[in-house]
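Chains, contacts and geometry: an overview
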Amino acid sequence: MKNGAKTAMVAGLLLTGTAVTAEPGGLAYAIDPAHATVRAKVGFFGLGSKTAHFPRLDGRVALSDRDAKAVTLDVRIDAQALEAGDSLTRSRLRGSDFFDVDRYRYVVFHGTSMTRTGLHSAQVAGTISARGVTRPATLAVDFSRDFTAMTGREPVHIAASTRIDRRDFGMTAYPLIVGRQVTIAIDADLVPVGG
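Scoring rules and cut-offs
- Residues numbered from 1 in each chain as written.
- Predicted model: local features only at pLDDT ≥ 70, side-chain atom pairs only at ≥ 80, totals over all residues.
- Heavy atoms only, no water.
- 1 Å grid on protein atoms, 1.4 Å probe; cavity = no way out; pocket = protein on both sides within 12 Å on 5 of 7 lines; lining within 4 Å.
- Points joined across faces, edges and corners; volume = space filled by probe spheres on them.
- Helix = DSSP H or I, 4+ residues; strand = E, 2+ residues; numbered from the N terminus.
- Nonpolar A, V, L, I, M, F, W, Y, C, P; charged D, E, K, R; others polar.
- Contact = heavy atoms within 4.5 Å.
- Phe/Tyr/Trp six-rings, centres within 6.5 Å; stacked < 30°, edge-to-face > 60°.
- Lys NZ or Arg CZ within 6 Å of the ring centre and 35° of its normal.
- Buried < 20%, exposed > 50% of the residue type's maximum accessible area, 1.4 Å probe, protein only.
- Pairing = 2+ DSSP bridges.
- Polar contact = N/O pair within 3.5 Å; in protein donor to acceptor, adjacent residues only side chain to side chain.
- pLDDT = per-residue confidence, 0-100.

With respect to the layout of surface pockets
Here the idea is plain: a probe the size of a water molecule rolls over the atoms and shows the empty space left. The calculated volume of the largest pocket comes to roughly 560 Å³. Every residue lining the largest pocket is counted, 34 residues in all, and those nearest its centre are Val-42, Ala-52, Leu-93, Phe-98 and Phe-99. Only strand 1 (27-44), strand 2 (48-54), helix 2 (87-94), strand 5 (106-116), strand 6 (121-130), strand 8 (156-165) and strand 9 (178-192) provide two or more residues apiece to the lining of the largest pocket. The biggest single contributor to the lining of the largest pocket is strand 1, with 5 residues. Here the lining of the largest pocket is built from residues that sort into 26 nonpolar, 3 polar and 5 charged.

Some thoughts on the environment of Leu-119
Tracing the backbone shows Leu-119 in the loop between strand 5 and strand 6. The sequence separation of Leu-119 and Phe-143 amounts to 24 residues, and the corresponding C-alpha distance is 8.9 Å. Excluding residues within four positions of it along the chain, Leu-119 makes contact with Asp-146 and Phe-147.

Describing the packing of aromatic side chains
Inspection of every chain in the model, using the stated rule, returns 4 aromatic pairs. Between Phe-44 and Phe-45 the ring centres are 4.9 Å apart and the planes differ by 80°, which places this aromatic pair in the edge-to-face class. Lying across the ring of Phe-44, Lys-50 places its NZ or CZ 4.8 Å from the centre. One residue, Arg-76, lies across the ring of Tyr-106, its end atom 4.1 Å from the ring centre.

Observations regarding unusual backbone geometry
Phi at Phe-45 is positive, roughly 60°, even though this residue is not glycine. In this structure, Phe-45 sits in the loop between strand 1 and strand 2.

Side note on the pairing of strand 3 (residues 57-63)
Counted residue by residue, strand 3 has 7 buried out of 7 residues, so it is predominantly covered. Along strand 3, one buried face is formed by Leu-57, Gly-59, Val-61 and Leu-63 and the opposite face, lined by Asp-58, Arg-60 and Ala-62, is buried too. Inspection of the sheet shows strand 1 paired to strand 3 by 4 bridges, in the antiparallel sense. The residue of strand 3 that forms the bridge with Tyr-29 is Val-61. Note that strand 3 and strand 4 (residues 71-78) share 7 bridges and pair antiparallel. Bridge pairing in strand 4 links Arg-60 to Asp-74.

As for the side chain of Arg-166
Mapped onto the elements, Arg-166 comes out in the loop between strand 8 and strand 9. A distance of 2.8 Å separates a polar side-chain atom of Arg-166 from the backbone oxygen of Ala-173. Among all residues touching Arg-166, those that are not within four sequence positions of it are Phe-98, Met-171, Thr-172, Ala-173, Tyr-174, Pro-175, Val-178, Gly-179, Arg-180 and Val-182.

A few points about the confidence of the model for the chain
Scored by pLDDT, the chain has a mean of 86; 84% of the residues are at 70 or more. Confidence drops under a pLDDT of 50 for residues 1-21, and excluding neighbours within four residues, the segment shows 32 contacts in the predicted structure.

With respect to the side chain of Asp-74
By the secondary structure assignment, Asp-74 is in strand 4. Residue classification places Asp-74 among the buried positions, given a relative accessible area of 14%. Within the structure, the side chain of Asp-74 is placed 2.9 Å from the side chain of Arg-60, a separation counted as a polar contact. One polar contact links Asp-74 to His-110, side chain to side chain, over a distance of 2.3 Å.

Take a look at the structure:
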């Protein structure tokens, strides 16, 4: 990424309240909004599924050090940009029965603790906030580089997933048609900031 584009992206993150900081000796990354997406998949009629895409998000990841003993992971998803396979589904998902995007524009994951599960995988515990409701959640995160190989100077890709019960966030409409469990998947490139 060219320096000017990187500077503009970091400035944009600062303006939206997702400033990136790292502890001394730590590693700080920002989500590259141009190379990031979120998918939410839910059962439909008990036979198939429906998937919504969220193409606009920003956020950061700060690791305490290369051993990744602690983490701050923030992802902010713009629900107003939600896309679906057809206009009726998109309209319903954006509406008051589901994400209610006119009142609650963002869905936010905030992670504060991490348990490593492999050389480059971890469970990140935190919260998800949607529709004015905050609930505990844990992301399973796979990093493209081993923790001990991270220097804070190279891009890193993450693939993360979690599962929530939509009713916990007041999304109770169409209980006989739409499933309760929603699988959320985040796919994003991280770019180093600072240092």
